[in-house]
Amino acid sequence: MEKFGFHKVSNSPSGAGQPSITHSRPTNVQLPSSVPNQQPVNFKKSFIVDNCPTNSIALTNCIAVNPIDFQQFADHSPILLDGHYVCTIEKTELLGQGVIGLPFHCREWGKWSIKQSVQAESYNIFQNKSANQYLGSIEILVDFRSKGKAKNININHEELVEVFRSICENQILQPTQLFVLDFKGIILQFIVNTVQIVDISKKDNLPTINDSSDLSSKGILLRQTEVIFFPYENSLINLVKPASLMGLKYGVSHHRPKARKQIINPDFKLEDLGIGGLDNEFKDIFRRAFNSRILPPEIAEKLEIKHCKGLLLFGPPGTGKTLIARKLSKMLNGKEPKIVNGPEMLSKYVGESENNIRKLFKEAEDEFRQKGDDSDLHVIIFDELDSVFKQRGSARSDGTGVGDNVVNQLLSKMDGVDQLNNILVIGMTNRLDLIDSALLRPGRFEIQIEIALPDEKGRRDIFLIHTAKLRENKILTSDVDFDELSALTKNFTGAEIEGLCNSAKSFAISRHTKSGAIAKIDDKTISDMKITRNDFLLALNEIKPAFGTDEEDLNLAARHGIIQFNESISNIFDKGRSIINLVKSNETETLRSILLFGPSGVGKTAIASTLALNSDFPFVKMLSAESIVGRSEGQKIQYIDTVFRDVYKSPLNVLVIDKIETLINYVSIGPRFSNDILQLILVYLTKIPPKGRRLLIIGTTSQYTVLERMNLVEAFTDLIAIPPIKSIEEVSKIMDKISFKSSSERKEILNQISSYEINIGVKKLIDELMVNNTDDYSVDDVVLNLVPKLNQI
């Protein structure tokens, strides 16, 4: 910057010795007289693009214009094309009116074509009179214009700088600009890589210096501007540079400057994505997938960082995996992302499926060969990844071998011999366990982020996103409380919350349909429509979470409630509640299992269901023999496996396994059972839940000794025996609870059966009493029916 008089630093090509800085005030830097600064105000006109009429104009980095069209402009004045591109004009009568002659390299820069319309307007770089913008330094890439004439030659850097200055001095240049020059009979092509803009404040003459590679940065090339050339990637040109530019003795430069690409806008905020409840997941994604890509190149080289190539998002359906991938691809400054559904890759023709994979990576491969690490980021998004890339050689494969070949092709493209550093493959799946394990190792989908069910704060954020327009238009009533709604929607996914909002809207609209005509809207009242708290509560009865509580099945298991006919029942619930509290509050107790055992009909299922419902855990699931009846053994194993995987979706989970002996296909004749199902249940009973998840398993069985011989009993952490009814007082409490007959009749019945031995399950007794609780049965009839059933255990 000593060339501008700000301070002296002897590090320029012509400088020598150790750097020294002085803080003397600079003298005023005058605008060079050869830079026209008088232009018509508000000139704006459309022109037709044509080719430049002569090579002599094209080789001066100018564009050709007709003198009549630009009679108010001085020759070699700057103009602005399409609001972004500054070009220097040269007047010639060889061009007709209404036409602008753009050389090929200029058309390539602005992506214009012949006969296209382009808008030209006056441009004054000093329009803001408080600042003057000059180029302190400029870095330019150089190569042969014609690849066919390229050859391995040495070019003296100092001579090239002098030729460049003599032609382009006092022109306005900007990053990405393309132009050609004649150097000793060789036509060379140049592209402006980065510029250093120097702003001189008229008020205090203090400079502001800014390095930029952005198209919007513009400055005037002066005699004092430091110009540095670098060859294109893989160019045959060798630039012989002085030691001051090389950091070495005089020698040959083969390397171009590496500029950090801004793949994410620095002012980006998570709120801009419009996705709620996933702040922590996004922070993990940025830290693990993008931190290496925003490092300065020299730091990345020192750390020997290899960029992440694969990001896998997994979790329950409806939690926003596909939405996250689409939003991520839009916020990245790279090529337009390619979004494909997994099944779209498959074809009935031999080899076509593998070719479809190769096509996805071809553009990234071609650009990486040309530009290397300076290539743009190419994003490929695979939805439903598990539908195609299944475990090779397994029963889950399609059996034709096509699936295995597709997996092999993707493996080679992501981390094969020719490794690419300019790709990011984002995959989504609901079933991580189905994907081939080779895809999950480092170098492929090495980053695996679970997109789980949103917590209460996350659900509130999602509600606010889906009702933003309603609140903006003041359609919501003041009684809608999002804190209340987020508390009532345990285990709702983002998609289900959106469905809940839509359901609430439908209830509000239905109030404004004309009576007697459900398809006609009352135009007089619809404009005053409001969505109320009650609309959301009605919607809650209609929209149920897929991963919520099996409340209906659990309530049916204890339809008569819990009757505490003796003190042992109260003790059972006290012990059950203490175990529930242990799982809920103790960080180390992430897995507990209770086995309720006793004779058939003693109420084991009712007690297990009641404990699960009263636990207040957000996820409660019931696994019973009724849910797998009619399935083959393989289907049963798959179903049980899916249930156990689902019970980890929430931070707190309860799984009720009813009638375990029936699940494993146990029959007393033989005896026979399914060892595969038994081993599956044994594994899951002792499998520690993932980090941040806790699981309580409540099992029931009427075959305790059988499970003991199968080593299933020892897999449970807590054992609780459920006793049958054994006294007349306990029978009396049951009769009173269900209001059996009249008081006098109950006394007479109890008196008659008191002499008999009683040993019956509470469920069996209630069922028998309900059958006899009619006027058709007298006291003697009831006693006659009850006596044979009182001792069947």
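Residues numbered from 1 in each chain as written. Predicted model: local features only at pLDDT ≥ 70, side-chain atom pairs only at ≥ 80, totals over all residues. Heavy atoms only, no water.

**Let's talk about the overall build of the protein chain**
Reasoning step 1: Along its length, the protein chain carries 25 helices and 26 strands.
Reasoning step 2: Relative to its full complement of 793 residues, the protein chain shows a buried share of 48%.
Reasoning step 3: In the structure as shown, the protein chain presents an accessible area of about 39200 Å², 49% of it carried by carbon and sulfur atoms. (Helix = DSSP H or I, 4+ residues; strand = E, 2+ residues; numbered from the N terminus. Buried < 20%, exposed > 50% of the residue type's maximum accessible area, 1.4 Å probe, protein only. Areas by Shrake-Rupley, 256 points an atom, 1.4 Å probe, with all protein chains shown as cover.)

**Notes on the packing of aromatic side chains**
Reasoning step 1: Inspection of the entire model under this criterion finds 16 aromatic pairs.
Reasoning step 2: Centroid distance phenylalanine 164 to phenylalanine 179: 5.8 Å. Interplanar angle 25 degrees. Geometry classified as stacked. Placement of phenylalanine 164 in helix H3 (residues 157–168) and of phenylalanine 179 in strand S10 (residues 178–183) is noted, with a sequence separation of 15 residues between them. With respect to burial, phenylalanine 164 and phenylalanine 179 carry one shared label: buried.
Reasoning step 3: Ring centres 5.4 Å apart and planes at 85 degrees place the aromatic pair phenylalanine 382 and phenylalanine 389 in the edge-to-face group. (Phe/Tyr/Trp six-rings, centres within 6.5 Å; stacked < 30°, edge-to-face > 60°.)

**A few points about the packing of helix H24 (residues 762–772) against helix H25 (residues 779–786)**
Geometrically, a packed helix pair is captured by the angle between its two axes and the distance between the axes.
Reasoning step 1: Their axes nearest at 10 Å, the elements H24 and H25 cross at an angle of 150 degrees. In terms of orientation, H24 and H25 fall into the roughly antiparallel class. Crossing geometry of H24 relative to H25 is assigned as right-handed. Where H24 approaches H25, its residues Leu765, Glu768, Leu769 and Asn772 are matched on the opposing element by Val782, Asn785 and Leu786. (Axes fitted to C-alpha atoms, helices over the stretch in contact; angles between N-to-C directions. Parallel < 35°, antiparallel > 145°, perpendicular 65-115°, else oblique. Left-handed = near helix turned anticlockwise from the far one by under 90°. Contact = heavy atoms within 4.5 Å.)

**Structural notes on H25**
Reasoning step 1: Three or more residues of H25 are buried, namely Val779, Val782, Val783 and Leu786. For H25, the angular spread of buried residues about the axis comes to 95 degrees, placing them on one side. Of the residues in H25, the exposed ones pointing more than 90 degrees away from the buried face are Asp780 and Leu784.
Reasoning step 2: Where H25 is buried, its residues touch helix H22 (728–737), helix H23 (743–753) and H24. (Arc of directions from axis to C-beta.)

**So, the sheet that holds strand S5 (residues 99–102)**
Reasoning step 1: Ordered by their spatial adjacency, 6 strands build a closed barrel running S1-S5-S2-S4-S3-S6, and the pairing between neighbours is mixed. Strand-to-strand twist of the sheet, defined as the mean angle between neighbouring strand axes without regard to direction, takes the value 45 degrees.
Reasoning step 2: In terms of strand pairing, strand S3 (residues 78–81) meets strand S6 (residues 117–122) through 3 bridges, oriented antiparallel. What sits directly across from leucine 81, in S6, is alanine 120. (Pairing = 2+ DSSP bridges.)

**Concerning the side chain of arginine 459**
Reasoning step 1: With respect to the helices and strands, the residue arginine 459 is situated in helix H10 (residues 456–466).
Reasoning step 2: Setting aside anything within four residues of it in sequence, one finds arginine 459 in contact with Pro454, Ser486, Ala487, Thr489, Lys490, Asn491, Phe492 and Ile497.

**Some remarks on the pattern of salt bridges**
Reasoning step 1: Within the structure shown, the criterion is met by 25 salt bridges.
Reasoning step 2: Here the residues in one salt-bridge network are Glu162, Arg165, Glu169 and Arg223, joined through shared partners. (Salt bridge = Lys/Arg side-chain N within 4 Å of Asp/Glu carboxyl O.)

**Describing the nonpolar core**
Reasoning step 1: Core analysis: the biggest nonpolar cluster contains 46 residues, and Leu696, Ile725 and Ile734 have the highest contact counts within it.
Reasoning step 2: Discounting residues that sit within four places of it in the chain, isoleucine 725 has contacts with Phe565, Glu730, Val731, Ile734, Ile758, Asn759, Ile760, Val762 and Leu765. (Core = buried A, V, L, I, M, F, W, Y, C linked by side-chain atoms within 4.5 Å.)

**Points about helix H5 (residues 279–290)**
Reasoning step 1: The end-to-end C-alpha distance of H5, which contains 12 residues, comes to 16 Å, matching closely the 16 Å that a straight helix rising 1.5 Å per residue would cover.
Reasoning step 2: Residues Glu281, Phe282, Ile285, Phe286, Ala289 and Phe290 constitute the buried set of H5. Down the axis of H5, the sector holding all buried residues measures 135 degrees, keeping them to one side. For H5, the exposed residues set more than 90 degrees away from the buried face come down to Asn280, Lys283 and Arg287. (Expected span 1.5 Å × (residues − 1).)

**Examining the sheet that holds strand S26 (residues 718–721)**
Reasoning step 1: Taken together, the 5 strands give an open sheet; going across it, the order is S23-S24-S25-S22-S26, and neighbouring strands pair in parallel fashion. Taken across any chain shown, the strands that pair with only one partner, and hence form the sheet edges, are strand S23 (619–623) and S26. For this sheet, the mean angle separating the axes of adjacent strands, direction not counted, is 15 degrees.
Reasoning step 2: One ladder, built from 5 bridges, connects S23 with strand S24 (residues 652–657); its direction is parallel. Residue pairing across strands places methionine 622 opposite valine 656, the latter belonging to S24.
Reasoning step 3: Sheet contacts for helix H16 (residues 567–585): strand S22 (591–597), S24, strand S25 (694–701) and S26; angle to S25, the most-contacted strand, approximately 155 degrees.

**Comments concerning the packing of H10 against helix H13 (residues 494–510)**
Reasoning step 1: The contact between H10 and H13 brings their axes to 10 Å, and the two run at 45 degrees. Our classification of the angle between H10 and H13 gives oblique. For H10 against H13, the interelement crossing comes out right-handed. For the pair H10 and H13, contact is made by Arg459, Ile462, Phe463 and His466 and by Gly494, Ile497, Glu498, Leu500, Cys501 and Lys505, respectively.

**So, the pairing of strand S20 (residues 423–429)**
Reasoning step 1: Where burial is concerned, most of S20 is hidden: 7 out of the 7 residues are buried.
Reasoning step 2: Burial along S20 is two-sided: Ile423, Val425, Gly427 and Thr429 and Leu424, Ile426 and Met428, pointing in opposite directions, are all buried.
Reasoning step 3: In the sheet, strand S17 (residues 310–314) pairs with S20 via 5 bridges, with the strands oriented parallel. What sits directly across from leucine 312, in S20, is glycine 427.
Reasoning step 4: Taken together, the 5 bridges between strand S19 (residues 378–383) and S20 define a ladder with parallel strand orientation.

**Brief notes about the pairing of strand S21 (residues 447–450)**
Reasoning step 1: Because side chains alternate across S21, one face comprises the buried residues Ile447 and Ile449, and the other comprises Gln448 and Glu450, none of which is buried.
Reasoning step 2: Inspection of the sheet shows S17 paired to S21 by 4 bridges, in the parallel sense. If you follow phenylalanine 314 over to S21, its bridge partner there is glutamate 450.

**Focus on the environment of glutamine 119**
Reasoning step 1: Examined against the element boundaries, glutamine 119 turns out to sit in strand S6.
Reasoning step 2: According to the relative accessible area criterion, glutamine 119 is partly exposed, its value standing at 30%.
Reasoning step 3: In this structure, the C-alpha to C-alpha distance between glutamine 119 and serine 46, residues 73 residues apart in sequence, is 4.3 Å.

**Some details on the confidence of the model for the protein chain**
Reasoning step 1: Averaged over every residue, the pLDDT of the protein chain is 81; residues scoring 70 or more account for 84%.
Reasoning step 2: Within the model, pLDDT remains below 50 along residues 1–31, and this stretch shows 61 contacts once partners closer than five positions in the same chain are excluded.
Reasoning step 3: Predicted confidence is poor over residues 33–37, with pLDDT under 50, and the contacts of this stretch with residues over four places away or in other chains come to 10 contacts. (pLDDT = per-residue confidence, 0-100.)

**Some remarks on unusual backbone geometry**
Reasoning step 1: For asparagine 491, which is not glycine, the phi dihedral falls at a positive 65 degrees.
Reasoning step 2: The class for asparagine 491 is buried, based on a relative accessible area of 3%.
Reasoning step 3: With phi around 65 degrees, asparagine 711 is a residue other than glycine that occupies positive phi space.
Reasoning step 4: Within the secondary structure, asparagine 711 sits in the loop between helix H21 (704–709) and S26.
Reasoning step 5: Classification of asparagine 711 as partly exposed rests on a relative accessible area of 42%.

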